[in-house]
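The residues making up each chain are set out below.
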Amino acid sequence: MWLASYSLSLFLERKEFLEVPYGVLVSFVFLLDKNLLMKTLYFSLFFATVPFWLFAQKASLSGKVVDDINNEALPFVNIVVSGTQNGTVTDDKGHFKLDKLSPGFIRIEASFVGYKKAISTEIEVSVANTKYIEIKLEKAESEIEEVTVIASPFRKTMESPVSLRSIGIGEIEKAPGANRDISKVIQSFPGVQSTPAYRNDIIIRGGGPSESRFYLDGVEVPFINHFATQGASGGPVGILNADFIREVNFYSGAFPTNRGNALSGVMEFKQIDGNEEKLKFQGTLGASEVAATLDGPIGEKTNFVFSVRQSYLQFLFDAIGLPFLPTFTDMQFKVRTRFDKKNELTLIGLGAYDVSELNTDIENPDDEQQYILDQLPVNEQWNYTFGAVYKHYRENGYQTFVVSRSQLDNVAYKYKDNDDSSEDNKILDYNSGEIENKLRFENTSRFNGFKLNVGASLDFVNYTNDTKTRTYVNDEVLDIIYTTDLDLIKYGLFAQLSKTVLNERLAMSFGLRADANNYSSSMNNLLEQLSPRFSASYSLTNKWSLNFNTGRYYQLPAYTTLGYKEDDVFVNKENALKYIAVNHIIGGLEFRPKSTVQFTAETFLKKYSDYPFSVNDQISLANVGADFGVVGNEEVLSISNGRVYGAEFQARINSTKGFNLNVSYTLVSSEFDGGDGVYIPSSWDSKHLLTLTSTKELKRNWRVGARWRFVGGLPYTPWDLETSSLVEAWDLQGGPYLDYSQLNTQRFDPFHQLDLRIDKSYYWKKLTAKFYIDIQNFYNFQAQQSDIIVREVDTNGNYILVDNGTRYVLKEIENTSGTVLPTVGVIVQF
C-alpha cells in the first residue's frame, strides 16, 4: 500500500478548493474567466427563446423482435410505445418501424400469443437519426389463469429474484450529481454507500471495494475507473463512456453461477449497437473531458461504435495551483456482426492511459500544498481489455464462447522532498503488471419447462511486480524489496437449473459453481471452493410476490497478495492463503401496483470467512481499498471473519408521463474481526443510507432533477502522532501514520448533500443538441474528515526538530470537505 496516497483525498476535500471527481472542471474554467459563465448563460438563454416550431418535428424508431432462446424472428408481434396509442406490428421477418414519435426517452412494449409480454429498456429517439432496438421475448410455459404477471421495466429473473436492479440509459443521463458516470448513478440504489469524497469505489452492503466484478457485453472487465486502485475497484472517474450504455444490470446479491469471483456485487453493462442506416457522430464536453463518438454500418451485416475521450485536467489544475497534475485518455469500441440468424460475433474493447505528475513549480506552497508534494508519488498507469463473444443459436437454446485479454501496467515512484538529483533519494520505486487471458463457454437451453445454463471457464494469468520501498513497522524500519513473476492458471465449472411451476406462480432456481487454481495446495481443489445457491419467487397475486435467495460465494485474493514476496519466497503461499468465502441469506417482499411502480423490502445477512488479515498492521483487509495506491501487497493470514446484516427499502416510479422517483433506505451493520472472535465496526459501517432521487420532464424538452443523500457517520482510525513525529518514520512516506491499535474507534458526523440538475434538449432535423447545468452540494454542506497533520516550521521556513533532532513538531489542521460545485455540459449529435 502506498500510505502516501491518503494525502490526495485530503487535499481535494479542502474547502478552499472545489471538490471534484477528478474534477467537474468546466466550473474551474469559470473561476479563471468569469465572462465565460455569462457567455454560457447568454448562449443558453438564446436557445431557450428560439421559436418552438423550429423544433416541433417527429422522430422514428426501427427494430426487430426475436425469440430469446433460438433468435428466430417473430412475425405479427404487437408493438406499442409505452403510455401512448402509437403502435404497429412486426412483419414476417420480425421487423417494425414507428414514426411520428415525440423526441426523447421512450420504452417499447411487445406482446405476442404464447410469449410473455416485454417492456424494453429506455431508448432515446431523435429527429436526426433513426434508432434501432432489438427486443427478445420469452416463451410462456403455460396459460396463466389465476395469476397474470405484469410486464415491467423492473427486471427480475428466476436466477436472481432479489437484489437485482436494472438501470436504463435515461436514468444514467438524467441522474443529478452523477455527471453520466454509472459508478455514481448506482449510489442512488439500496445498499450502495456513497461518501463525501470524489471517488467511485463500489461499496455494497457493508462489503469492501474489492468485492465486485464487472462485465461489458459478457466480457469481464477488471478496471472501470481511471487511476484505479490496484487490488480493489475504485478510482476518481469512470472509464466507461455513457454514450455506449444501453442498460446496466446491478446485482447486490443472488449472483447467477456464470458470474464468479464476487462477494458483494456484479455489474453487467449492455452496450448499444451501431446505427444500421448511416454514419452518426456525437461530441460531448463533459465534466472533466472532451469526447467524440462515431457509429454506423460496415456493410449489411456489421455495425460499429467507437469513442475516444481526452481530459484537460492538467491544464486547469496547474492554472489554479493544485500540487498534482492528472490527465487521462480512454477509448472504447464495439463491433457486432450477424452472419445469419443463427450466428453472431461481437468484438469489444476498452482502454485507458492515466498520468499523475507533481506540480513542483508552485511558488511558496502553503502547508497543505507542501504536504501533498511531500507525500504523493508520480503515477503512470495504463490498462485495456479486448474481447470477443460468439453466439450460436439452436432450436431450443444457444451457445456462447467468450475470449478476452486484459492488461494493467502500474508504475509509481517517489523521491524524498521531490529531489530526483540522486537515486539514493528514491523512497518508492513500484512497477507492477497484470495480464489475464480468459476463456469461457456457456450452453443455455430450454426443455420440458426447464432452463439450464452450464459452462466452464479457464484463465491464464501473469502477475509481475518490482518493488523497492521502505516503511516503519513496530518501531523499526522495514525494507521491502522483491521481484515477482507469477504465472497462474484459474479454472471453474458452473451450472444453473431454473423452472416455474404452479401456473408460473412459483419460480425456482438451483445453481452450483466450483473454482480453483494452481497457486497452492490450499487452492487447487474444485471441491474446496464449492459454491451452491438457491433462489425462489412466489407470486401471491399479480402485484405481490415473496422472494428468497441463499448462496455461498468465493473470491480469489488480489494478485498483489498472491505475488507478494519476502526473502524471495511467496510468503502468503507459505501461509496457506485461501479463497475468501461469504454466505448470503436474502429475503424480500415486492409490490408492483402497476407496471411503472415498484416497492421492495429486503433483509440480508452476510457471513465472511478466511478474509486476509495484515500481519504488519494487524487489521483485516476488509477495511481498506477506498484510496489511491495498492491494496494487498503485504504478508497476510487467511484468518479474518466478518458479519454484515441489515434491511433495504426502495420505491421506484418510472412514469410514462416523464416523472421518475427513486427512494431508497438501507439499515446496515458491518463488522470484522482479526481471527480472535472480537468484532469491531468495519470502515464501511455507515448504519444508515438514505437517497431520494427524482426527475421530471417538462414542456419543450426541459427536464429538472434533484438528488438528496444521507450517509451515517463512518468509522475511522485516528493518527498515531507518537510514531508520526519520528523523523525516521515521517521521511519514509512523507506523512503521518494511522494508529491501528485504535482501528475504527472514532466515527465521523453524518454526511448529507443535495444535487440539482437542469437539462434542455433540441431536436433538429439533422442535429440534436443538449445542454445541462448540474450543481452538486447545493447548500454547501461541510462534511467532517480526518484532520490533516503537518510539520511546524520556524521563521526561516525550516522544520522544527526536538528530542535531539529525532522528532518533528506536528500540528493538526481541522479538515472538512464540501463546496457548491456547478457544472455545464454540452452534447451534440448528428
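Scoring rules and cut-offs
- Numbering of residues starts from 1 in every chain and runs along the sequence as written.
- Local features are withheld for residues below a pLDDT of 70 in this predicted model, meaning they are given only at 70 or higher, and side-chain atom pairs are given and counted only at 80 or more; totals for whole chains, interfaces and linings count all residues.
- Excluding hydrogens and water, the side-chain values take into account all heavy atoms of the structure.
- Secondary structure elements are taken from DSSP: a helix is a run of H or I of four residues or more, a strand is a run of E of two residues or more, and numbering for both begins at the N terminus.
- The globule rule used here is 2.2 Å times the number of residues to the 0.38 power, and the radius of gyration it is set against is calculated over C-alpha atoms.
- Classification of residues uses two cut-offs on accessible area relative to the type maximum, computed with a 1.4 Å probe and protein chains only: under 20% is buried, over 50% is exposed, and between them is partly exposed.
- Residues are treated as being in contact if the distance between any of their heavy atoms lies within 4.5 Å.
- Method for areas: the Shrake-Rupley scheme with a 1.4 Å probe, in which residue coverage is limited to the protein chains shown.
- Pairing between strands is defined by DSSP: at least two bridges between them are needed.
- We place a 1 Å grid over just the protein atoms. Points where a 1.4 Å probe fits but has no way out form a cavity, open points with protein on both sides within 12 Å along at least 5 of 7 lines form a pocket, and any residue with an atom within 4 Å of a point lines it.
- Grid points are joined across faces, edges and corners, and a volume is the space filled by probe spheres set on the points.
- For salt bridges, the criterion is a side-chain nitrogen of Lys or Arg within 4 Å of an Asp or Glu carboxyl oxygen.
- Throughout, nonpolar core names a set of buried Ala, Val, Leu, Ile, Met, Phe, Trp, Tyr and Cys residues whose side chains join them through atoms within 4.5 Å.
- Only residues whose relative accessible area exceeds 30% and that form no salt bridge enter a patch; like-charged residues are grouped when within 9 Å of one another, and nonpolar side chains (Val, Leu, Ile, Met, Phe, Trp, Tyr) when within 5 Å.
- The quantity known as pLDDT measures the predictor's confidence residue by residue, on a range of 0 to 100.
- Think of a polar contact as two N or O atoms within 3.5 Å of one another; within protein, one of them needs to be a possible hydrogen donor and the other a possible acceptor, and neighboring residues in sequence only count if both atoms come from side chains.
- Stacked, tilted and edge-to-face are the three classes assigned to paired rings of Phe, Tyr and Trp, where Trp is represented by its six-membered ring and a pair needs centres within 6.5 Å; plane angles under 30 degrees give stacked, over 60 edge-to-face, the rest tilted.
- Geometrically, a lysine NZ or arginine CZ counts as sitting over a ring once it is within 6 Å of the ring centre and also within 35 degrees of the ring normal.

Another point: the overall build of the chain. Looking only at helices and strands, the chain has eleven helices and 45 strands in total. Radius of gyration (C-alpha) of the chain: 27 Å, near the 28 Å computed for a compact globule of 830 residues. Overall size of the chain, expressed as C-alpha extent along the three principal axes, is 90 × 65 × 45 Å. Every one of the 830 residues in the chain was classed for burial, and the buried ones make up 60%. In the chain, the proportion of contacts linking residues at least 24 apart, taken out of those at least 6 apart, comes to 69%. Total accessible area computed for the chain in this model is approximately 31,900 Å², and 56% of it derives from carbon and sulfur atoms.

This paragraph deals with the sheet that holds strand 2 (residues 78-81). Spatial ordering of the open sheet is given by 3-2-6-7, a layout of four strands whose pairing is antiparallel. Each edge of the sheet is formed by a strand with only one pairing partner; in this case those strands are strand 3 (87-89) and strand 7 (118-119). Inspection of the sheet shows strand 6 (residues 108-111) paired to strand 7 by two bridges, in the antiparallel sense. Note on strand 7: the bridge partner recorded for Glu109 is Ile119.

Across all of its chains, the model carries 13 cavities of 30 Å³ or more by this definition. Each pocket or cavity is described by its volume, and for the largest cavity that value is around 810 Å³. What lines the largest cavity is a set of 46 residues, among which Arg213, Glu220, Asn261, Glu436 and Lys490 lie closest to the centre.

We now examine the pattern of salt bridges. The tally for this structure, following the rule as stated, stands at 56 salt bridges. Here Arg791 makes a salt bridge to Asp374, at a shortest N to O gap of 2.7 Å. Of this pair, Arg791 sits in strand 41 (residues 783-791) while Asp374 sits in helix 7 (residues 367-375), placing them 417 residues apart in sequence. When its relative accessible area of 7% is taken as the criterion, Arg791 is described as buried.

This part covers the nonpolar core. Membership of the largest hydrophobic core comes to 31 residues, with the highest contact counts inside it found for Ile167, Ile172, Ile182 and Phe269. Of all the secondary structure elements, the ones that give two or more residues to this core are helix 4 (169-174), helix 5 (182-185), strand 11 (212-216), strand 13 (245-251), strand 14 (265-271) and strand 19 (343-358). In contact with Ile182, other than residues within four places in its own chain, are Ile167, Ile172, Val248, Met267 and Phe269. Counting residues in hydrophobic clusters, the runner-up holds 26 residues, among them Leu428, Tyr559, Ile619 and Leu743.

Before going further, it helps to spend a moment on the pairing of strand 10 (residues 164-168). For strand 10, the buried fraction is high: five of the five residues fall into the buried class. One ladder, built from five bridges, connects strand 10 with strand 13; its direction is antiparallel. Across the sheet, residue Ile167 finds its bridge partner in strand 13, namely Val248.

A word on the side chain of Lys280. Structurally, Lys280 can be placed in strand 15 (residues 280-285). When its relative accessible area of 13% is taken as the criterion, Lys280 is described as buried.

This part takes up a nonpolar patch on the surface. Together, Leu502, Tyr538, Leu540, Trp544, Leu546 and Leu589 line one region of the surface with nonpolar side chains, adding up to about 520 Å² of accessible area. As for its placement among the helices and strands, Leu546 is situated in strand 27 (residues 544-555). Judged by relative accessible area, Leu546 falls into the partly exposed class, the value being 42%.

This part takes up the confidence of the model for the chain. Summarising the model, the chain shows a mean pLDDT of 87, and 91% of its residues fall at 70 or more. Note that pLDDT drops below 50 for residues 1-55; the model gives that stretch 150 contacts with residues more than four away or on any other chain. Segment residues 144-149 is flagged for pLDDT under 50; beyond a separation of four residues in sequence, or across chains, it makes nine contacts in the model.

For the rest of this paragraph, the subject is the environment of Asn71. Within the element layout of this structure, Asn71 appears in the loop between strand 1 (59-67) and strand 2. Taking the C-alpha atoms as reference points, Asn71 and Gly712, separated by 641 residues in sequence, lie 48 Å from one another. A distance of 2.9 Å separates a polar atom in the side chain of Asn71 from the backbone oxygen of Lys341.

Looking at where Thr467 falls in the secondary structure, it is placed in strand 23 (residues 450-473). Separated by 2.4 Å, the side chains of Thr467 and Asn465 make a polar contact. For Thr467, the contacting residues outside a window of four places in its chain are Asp429, Tyr430, Ile480, Ile481 and Tyr482.

The relative placement of two aromatic rings is captured by the distance of their centres and the angle of their planes. Tallied over the full model, the rule gives 26 aromatic pairs. Ring plane angle 20 degrees and centroid distance 6.1 Å describe the contact between Phe591 and Phe599, whose orientation is recorded as stacked. Ring centres 5.5 Å apart and planes at 75 degrees place the aromatic pair Tyr611 and Phe672 in the edge-to-face group. Here the residue Tyr611 occupies a position in strand 31 (residues 597-614), and Phe672 occupies one in strand 33 (residues 659-672), the gap between them amounting to 61 residues. Here the two residues Tyr611 and Phe672 agree in accessibility, since each one is buried. Clustering of aromatic rings is evident, with ring pairs tying together Phe333, Trp382, Tyr384 and Phe386. Sitting over the face of the ring of Phe570, Lys565 holds its NZ or CZ atom 4.8 Å from the ring centroid.

A few words now on helix 7. Extensive coverage of helix 7 is indicated by the burial of seven of its nine residues. Taken as a whole, helix 7 has its buried residues at Glu368, Gln369, Tyr371, Ile372, Leu373, Asp374 and Gln375.

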